[in-house]
Amino acid sequence: MNAEVERAPGGPLVVGVDGSEPSLRAVDWAADEAVLRGVPLRVVYACLWERYEGAALARDIGTPTALPLAQDVVGAAAQRARARHPGLQVSADVVFEEPEYALVREGRNASALVVGTRGRSGIAEMLLGSVSLAVAAHADCPVIVLRGSHDNQATPPVHGRVVVGVGENPKESAAVRFAAEEARRREVTLEAVRAWRCPAHESTDHPLLAGEPARLHEERAAEELEAALQELPTGVDVQRRTVEGHARRVLAVASHRADLLVVGAKRREGHLGLQLGRVAHALLHHSACPVAIVPHHGHDA
């Protein structure tokens, strides 16, 4: 049984900041998104953030007085958002708490959460900060994680495309609805992708049956895709794609031509640890564009 949690349409968009340049770029993106949604922007600084992703910033400043620094951080971020969109309602707050807990709590009343990541060189470039990962894995609202190549903007669109990964269960359609609304707001194409695979044990060398198992799996994927797209809002241009391959690889490739990649994540009551799933977890580390993790709530059968 699945029970979707409806988000208040007027809830603020929350962006987490830590004073770093990547977090300020996240403020730009979040301000654009708040204007698109017609909701206020809330800027939040959790003052223990430097333990995880802002240690270099803390060492450079070298001050023991956290409150003045925190107020400067949120003040500068809020001013940046107001300068970008003068008509946008912006509030800012300092929270004396571990950042992942503070942001997850903020998400209970938010329409969405936005968090940034730091660009890194070499192999470490693909790693996601622990705060961003924890928030994406536990928040009750959609979480948009801004990968390094997000162009500092939600609008105007760069690629003109929002991509959503469609799973096997059409009832778990929160991610599809979220993606459709994002595409409608941006006035861009929604590309719905259903990855499929034919297990090796179903293949056959018999010439009369060659390709038959693969065809059946592809047809089933197309049916699942159609079922997931049945209740889309009007006015959305939709492209449907069924692609053979691992979902995480198929969607990672698609992210190179997208302004936003949307995937679902199941939240299980009483379940401890990261609640993301392998596909969402992999895309948070390897996507070439911002990733929206949209939770859907339910119980295991």
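Structure: see above.
Here's a quick rundown of the structure.

Procedures and definitions
- Residues numbered from 1 in each chain as written.
- Predicted model: local features only at pLDDT ≥ 70, side-chain atom pairs only at ≥ 80, totals over all residues.
- Heavy atoms only, no water.
- Helix = DSSP H or I, 4+ residues; strand = E, 2+ residues; numbered from the N terminus.
- Contact = heavy atoms within 4.5 Å.
- Areas by Shrake-Rupley, 256 points an atom, 1.4 Å probe, with all protein chains shown as cover.
- Axes fitted to C-alpha atoms, helices over the stretch in contact; angles between N-to-C directions.
- Left-handed = near helix turned anticlockwise from the far one by under 90°.
- Nonpolar A, V, L, I, M, F, W, Y, C, P; charged D, E, K, R; others polar.
- 1 Å grid on protein atoms, 1.4 Å probe; cavity = no way out; pocket = protein on both sides within 12 Å on 5 of 7 lines; lining within 4 Å.
- Points joined across faces, edges and corners; volume = space filled by probe spheres on them.
- Patch = residues over 30% accessible without salt bridge, like charges linked within 9 Å, V, L, I, M, F, W, Y side chains within 5 Å.
- Salt bridge = Lys/Arg side-chain N within 4 Å of Asp/Glu carboxyl O.
- Lys, Arg positive; Asp, Glu negative; His and termini not counted.
- Charge placed at Lys NZ, Arg CZ, Asp CG, Glu CD.
- Buried < 20%, exposed > 50% of the residue type's maximum accessible area, 1.4 Å probe, protein only.
- Core = buried A, V, L, I, M, F, W, Y, C linked by side-chain atoms within 4.5 Å.
- Pairing = 2+ DSSP bridges.
- Right-handed = clockwise from strand over helix to strand, strands pointing away.

Turning next to the overall build of the chain. Across its full length, the chain holds nine helices and 10 strands. Restricting to contacts in the chain with at least 6 residues of sequence separation, those with at least 24 account for 81%. With an accessible surface of roughly 14300 Å², the chain has 51% of that area assigned to carbon and sulfur atoms.

With their axes 9 Å apart at the nearest point, helix α8 (residues 247–254) and helix α9 (residues 278–286) run at an angle of 35 degrees to one another. The hand of the α8/α9 crossing is right-handed. Contact with α8, carried on its side by A247, R248, L251 and A252, involves V279, A282 and L283 of α9 and no other residues of that element. Considering only residue class, the contact of α8 with α9 consists of six nonpolar, no polar and one charged.

In this section: the layout of surface pockets. Counted as a void, the largest pocket has a volume near 1200 Å³. Lining the largest pocket we find 40 residues, and of these G167, E168, R194, A247 and V279 sit closest to its centre. Looking at the lining of the largest pocket residue by residue, the classes come out as 18 nonpolar, 12 polar and 10 charged.

On the surface, R197, R248, R249 and R278 cluster together to form a positively charged patch. Looking at the secondary structure, you find R249 in helix α8. A residue is classified by how much of its surface remains accessible, and R249, at 55% relative accessible area, is exposed.

This next bit is on helix α5 (residues 130–138). For α5, a buried count of seven out of nine residues is recorded, marking the element as mostly surrounded by other parts of the structure. Within α5, burial applies to V131, S132, L133, A134, V135, A136 and A137.

Mapped onto the fold, W196 is located in strand β7 (residues 189–196). W196 has contacts with A214, H217, E218, A221, T242, V243, E244 and G245, leaving out every residue within four places of it along the chain.

Glancing now at the pattern of salt bridges. Scanning the entire structure with this criterion turns up 18 salt bridges. Of the charged contacts in the structure, one is a salt bridge between R37 and E182, with a shortest N-O distance of 3.1 Å. One end of the pair, R37, is in helix α1 (residues 21–37); the other, E182, is in helix α6 (residues 174–186), and 145 residues separate them in sequence. Across the pair, exposure class does not vary: R37 and E182 are buried alike. Close ionic contact of E226 with R240 constitutes a salt bridge, the shortest N to O distance being 2.6 Å. A residue pair is termed long-range when its members are at least 10 positions apart, and E226 in helix α7 (residues 212–228) and R240 in strand β8 (residues 238–244) qualify at 14 residues. Overall, E226 belongs to the partly exposed group, its relative accessible area being 38%. The exposure class of R240 is partly exposed, given its relative accessible area of 44%. Among the charged side chains, a network of salt bridges with common partners joins E33, R37, E182, R185 and R186.

Formed by 51 residues in total, the largest nonpolar core has its most connected members in L41, L190 and V262. In contact with V262, other than residues within four places in its own chain, are V162, V163, V164, G165, A175, F178, A179, A292 and V294. Core analysis: the next-biggest nonpolar cluster, separate from the first, contains 37 residues, A254, A265, C289 and V291 among them.

Bringing the pairing of strand β2 (residues 41–46) into the picture now. Of all the six residues making up β2, six are buried; the element is thus mostly covered by neighbouring parts of the structure. Alternating positions in β2 separate into two faces, L41, V43 and Y45 on one and R42, V44 and A46 on the other, with burial throughout. Here strand β1 (residues 13–17) runs beside β2; their pairing, made up of five bridges, is parallel. The residue of β2 that forms the bridge with L13 is L41. Of the crossover connections in this fold, the one passing from β1 over α1 to the parallel β2 is right-handed.

A word on the environment of A192. Relative to the assigned elements, A192 resides in strand β7. Here A192 is in contact with V164, V166, L225, L229, Q239, R240 and R241, once residues within four sequence places are set aside.

By the alternation rule, side chains of strand β5 (residues 143–146) split into V143 and V145 and I144 and L146, which are all buried. In this structure, strand β4 (residues 112–116) lies alongside β5, joined through four bridges in parallel fashion. Residue V115 lies in a different strand from β5, and its bridge partner there is V145.

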